[in-house]
Amino acid sequence: MEKITFLMLVVLISSYSLAQSSDYNEQKHSIETIVDAFNKQDYKLMQKPWGIIGKLIISNNMLRKDFEPYFKRYGAATIDTTIFSSIYNGTAELKFNAYPNNRTFLTFNFNEKGKVEGMGFGYPTFVYRKRVSTEEPFLLNTDKNKRIDSIVARYINNPSNNFNGCIMVTSGDDIIYKNCIGYSNFDKQITLNDSSKFLLASCTKQFTAIAIMQLQEQGKLNYDDNIKLYLPDFPYDNITIRNLLTHTSGLPDYFLLLDKYWDKTKIATNNDVYSLLKEKKPRIQFSPNEYFIYSNTGYVILSLIIEKISGKTYNEFLVNNIFKPLKMNQTFVYHRRKQIEKLENYALGYVFSKDMGRYILPDSLEAYNYVTYMDGITGDDGVSSSIIDLKIWNEAIRNNSLVSQNSMDLANTKHKLNDGKEINYGFGVFLIKGQTIENIAYHTGGWPGYSTMILRFSDRNESIIILSNNDYDNFAFLVDEICAFILN
């Protein structure tokens, strides 16, 4: 479905900020009223849950114009699940009577009183109702393969927006589905295979977190240590390693720092980011552990701490403590634009140029100049891997091959803020947990030309790995459809 946008901004819920809660009564009431009004085609009623400004700006006719075509096309809707990231943001998963297998998401902005300030159709939330085993039909792996293949086929048969990448679905040690579609090099038409290496982008954070956990188990650090214990000239006070792991440090965004101060003709490294933080000392966003705001900067600092404690480079530490022990022979810390040596079977990341009408490398476009000058940074990004190696990675996580069960239990525990509220993040992973929903640990990654996801169903010993190298728009919907099939 296309998105509806009106008043303020439509919240496109990021996969890392989901929460399930029963405390948002006013917000729930607003959502229920909106959906009830949609089904009744009563646009005066639909206007009722809006705040004062919304009621002044959003007329009945505007609501009718936006929503009536959907009702005529899809019919009445019911609310399957409601998810809140905060009192200000929520998402309702809707089921339409005429299309019971479709998953549709209506996102909302709220004011402090729970009144609507903006809404529109948005992206999947990766939240699934838990089914009891007796409800699940038995399917052979060959049948599952065919069903997943039929889902994927719908996403690769669109000439203007094809998925290009590799997909793997596993159950235990078995590969249920594996497919590589398209090219690792569009210009030379070199085809992808299950050993093709993709930039993982933010999925790198899982590796950084495990490295920190290994150092903790070796007695070389504690999670609640102040950063200044390892980096004495660190320019901010009272920030701990745990804050960095859980995105609760409040550190400023280094993307903005480099954009404003960095010489774009040079490739920046972690030390360059650190030097700019010390020199410019941009204001911290909030006091440590007051809020959760996703922070790439925090994971850059973690990479520096790994190097400081171990006496090894970030790359050397991962090779010696993760890649070699697991025999992940297709996984590297790799900087394509910085390193002279070229990585074999590497999937180049492409973006679509409307002017040229084709996919091209982002390097030649001014809008993506940061892919070059940020190419030397690690911790938040920098690891490249294949679906074959990431299967090994998921098995190592499941079998506690790298750290103990106690450490993994802590990593997969939702972190608590100062006020006691839980966030949906542990150590290097987003967490979806609840008594009535499937428990999921996952991370996504995005960079010009790349979309990645490593997702593990915590209670079911199943996983999904999807790596794309063509800036694919419908990535989240493809993942969601595969998840929904596996779980339901």
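Being a predicted model, the structure only gives us computed values, none of them experimental.

Rules used in this analysis
- Residues numbered from 1 in each chain as written.
- Predicted model: local features only at pLDDT ≥ 70, side-chain atom pairs only at ≥ 80, totals over all residues.
- Heavy atoms only, no water.
- Pairing = 2+ DSSP bridges.
- Helix = DSSP H or I, 4+ residues; strand = E, 2+ residues; numbered from the N terminus.
- Phe/Tyr/Trp six-rings, centres within 6.5 Å; stacked < 30°, edge-to-face > 60°.
- Buried < 20%, exposed > 50% of the residue type's maximum accessible area, 1.4 Å probe, protein only.
- Lys NZ or Arg CZ within 6 Å of the ring centre and 35° of its normal.
- Salt bridge = Lys/Arg side-chain N within 4 Å of Asp/Glu carboxyl O.
- Expected span 1.5 Å × (residues − 1).
- Polar contact = N/O pair within 3.5 Å; in protein donor to acceptor, adjacent residues only side chain to side chain.
- Contact = heavy atoms within 4.5 Å.

Undergrad: Any chance you could explain the pairing of strand S3 (residues 99–110) here in plain terms?
TA: Of the pairings in the sheet, the one linking strand S2 (residues 89–96) to S3 comprises seven bridges and is antiparallel in character. Its bridge partner lying in S3, Ala-92 is registered against Leu-106. Connecting S2 to the next strand, S3, in antiparallel fashion are two residues. In this sheet, strand S4 (residues 116–121) lies alongside S3 in antiparallel orientation, the contact comprising five bridges. Paired with Phe-108 across the bridge in S4 is Met-119. With antiparallel pairing between neighbouring strands as the criterion, S3 and S4 make up a hairpin whose turn holds five residues, including Gly-114 at a positive phi of roughly 85°.

Undergrad: What should I look at first to understand the sheet that holds strand S10 (residues 332–333) in this one?
TA: Picture the strands of a sheet paired through backbone hydrogen bonds; they go either parallel or antiparallel. On the basis of which strands lie adjacent, the open sheet formed by three strands has the order S9-S13-S10 and antiparallel pairing. Each of the sheet's edge strands pairs with one partner strand only, and the pair in question is strand S9 (198–199) and S10. The pairing of S10 with strand S13 (residues 383–385) spans two bridges and is antiparallel. Across the sheet, residue Phe-332 finds its bridge partner in S13, namely Ser-384.

Undergrad: Looking at this structure, how should I read the packing of aromatic side chains?
TA: To describe a pair of aromatic rings, you give the distance between the ring centres and the angle between the ring planes. Applying the stated rule across the entire model yields 28 aromatic pairs. On the numbers, 5.9 Å between centres and 40° between planes, the contact of Phe-292 with Tyr-425 is tilted. A residue pair is termed long-range when its members are at least 10 positions apart, and Phe-292 in the loop between helix H9 (270–280) and helix H10 (296–310) and Tyr-425 in the loop between helix H14 (405–411) and strand S14 (430–432) qualify at 133 residues. For the residue pair Phe-292 and Tyr-425, the accessibility class agrees, reading buried in each case. Taken together through their ring pairs, the aromatic side chains of Phe-38, Phe-67, Tyr-70, Phe-71, Tyr-74, Phe-96 and Phe-121 make up a single cluster. Directly above the ring of Tyr-299 sits Lys-205, whose terminal nitrogen or CZ lies 5.8 Å from the centroid. Positioned above the aromatic ring of Tyr-373, the side-chain terminus of Lys-264 is 5.4 Å from the ring centre.

Undergrad: For this particular structure, what's the right way to read the pattern of salt bridges?
TA: Opposite charge on two side chains makes pairing possible when the charged atoms of those side chains draw close. Within the structure shown, the criterion is met by 17 salt bridges. For the salt bridge of Arg-154 with Glu-481, the shortest nitrogen-to-oxygen distance reads 2.1 Å. Of this pair, Arg-154 sits in helix H5 (residues 141–156) while Glu-481 sits in helix H15 (residues 475–487), placing them 327 residues apart in sequence. Take Glu-481: its relative accessible area is 25%, and that puts it in the partly exposed class. Between Lys-178 and Asp-194 there is a salt bridge whose closest N-O contact spans 2.7 Å. Here Lys-178, found in strand S6 (residues 174–181), pairs with Asp-194, found in the loop between strand S8 (190–191) and S9; they are 16 residues apart in sequence, far enough to count as distant. Using a relative accessible area of 38% as the deciding quantity, one classes Lys-178 as partly exposed. Since its relative accessible area comes to 22%, Asp-194 is described here as partly exposed. Residues joined by salt bridges that share partners form a network here, namely Arg-336, Arg-337, Asp-363 and Asp-375.

Undergrad: Looking at this structure, how should I read helix H1 (residues 25–40)?
TA: Given 3.6 residues per helical turn, the α-helix brings residues three or four places apart onto the same face. In this model, H1 (16 residues) spans 22 Å end to end at C-alpha, consistent with the 22 Å of a helix rising 1.5 Å per residue. Turning to H1, its buried residues are Gln-27, Ser-30, Ile-31, Thr-33, Ile-34, Val-35, Ala-37 and Phe-38. Once H1 finishes, Gln-41 follows within two positions and takes phi at roughly 55°, a positive value.

Undergrad: How should the side chain of Ser-295 be read in this particular structure?
TA: Summarising the element assignment, Ser-295 is placed in the loop between H9 and H10. The exposure class of Ser-295 is buried, given its relative accessible area of 5%. A polar atom in the side chain of Ser-295 sits 3.0 Å from the backbone nitrogen of Gly-298.

Undergrad: I would appreciate a short explanation of unusual backbone geometry in the present structure.
TA: Negative phi values dominate among residues other than glycine, just as trans dominates among peptide bonds. Phi is positive for Gln-41, close to 55°, though the residue is something other than glycine. Inspection of the secondary structure assignment puts Gln-41 in the loop between H1 and helix H2 (43–47). Given the relative accessible area of 19%, Gln-41 is considered buried.

Undergrad: Would you mind going over the environment of Trp-393 with me for this structure?
TA: Mapped onto the fold, Trp-393 is located in helix H13 (residues 387–398). Overall, the relative accessible area of 0% leaves Trp-393 in the buried class. With residues up to four places along the chain from it excluded, the contact list for Trp-393 reads Gln-206, Phe-207, Ile-210, Ile-322, Leu-326, Met-328, Leu-402 and Arg-456.

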